[in-house]
Amino acid sequence: MKTSFIPKILMLAVVASLAACIPSPEDLETDPVQVQTSKGVVTCQLYRPDRVIWDRAIDYPATKMSVAEADGYCRQEGQRRLK
């Protein structure tokens, strides 16, 4: 039983069209913001308000805090701005 290539080509076109519509994180970035903490200034890359989970530190006092702690400050800042 032979199948036509036309449905496969159409399906490929649909998948390609949908993939082109998915934004990358870079498309959702805000300008970096600085957050003052008790251990120093953390520079955060925030994203859209509904993408707080992506918020991360891009600069922090490495001798005083870990990456996870710095990222936590950035997520807190994202949550604060969400309210």
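Residues numbered from 1 in each chain as written. Predicted model: local features only at pLDDT ≥ 70, side-chain atom pairs only at ≥ 80, totals over all residues. Heavy atoms only, no water.

A. Layout of the environment of V35. You can see V35 is positioned in strand β1 (residues 33-37). Beyond its immediate chain neighbours, meaning those up to four positions away, V35 contacts G40, V41, V42, C44 and E77. (Helix = DSSP H or I, 4+ residues; strand = E, 2+ residues; numbered from the N terminus. Contact = heavy atoms within 4.5 Å.)

B. Geometry of the packing of aromatic side chains. All chains considered together, the criterion is met by 1 aromatic pair. An angle of 90 degrees between the planes, with centres 5.7 Å apart, marks the rings of Y47 and W54 as edge-to-face. A relative accessible area of 8% places Y47 in the buried class. (Phe/Tyr/Trp six-rings, centres within 6.5 Å; stacked < 30°, edge-to-face > 60°. Buried < 20%, exposed > 50% of the residue type's maximum accessible area, 1.4 Å probe, protein only.)

C. Spotlight on helix α2 (residues 67-82). In this model α2 runs 22 Å from its N-terminal to its C-terminal C-alpha over 16 residues, within 8% of the 22 Å that 1.5 Å per residue would give. For α2, the full list of buried residues reads A70, D71, C74, E77 and G78. Within α2, the buried residues cover an arc of 115 degrees as seen down the axis, which keeps them to one side. Facing away from the buried side of α2 by over 90 degrees, the exposed positions are A68, Q76 and R80. Here the buried face of α2 lies against β1, β2 (40-45) and β3 (56-59). (Expected span 1.5 Å × (residues − 1). Arc of directions from axis to C-beta.)

D. Main features of the pairing of β1. Here β1 shows a clear split, with V33, V35 and T37 buried on one side and none of Q34 and Q36 buried on the other. Of the pairings in the sheet, the one linking β1 to β2 comprises 5 bridges and is antiparallel in character. Bridge pairing in β2 links Q34 to T43. Between β1 and β2, which pair antiparallel and follow one another directly, the connecting turn spans 2 residues. (Pairing = 2+ DSSP bridges.)

Functional significance is not addressed by these values, which are geometric in nature.
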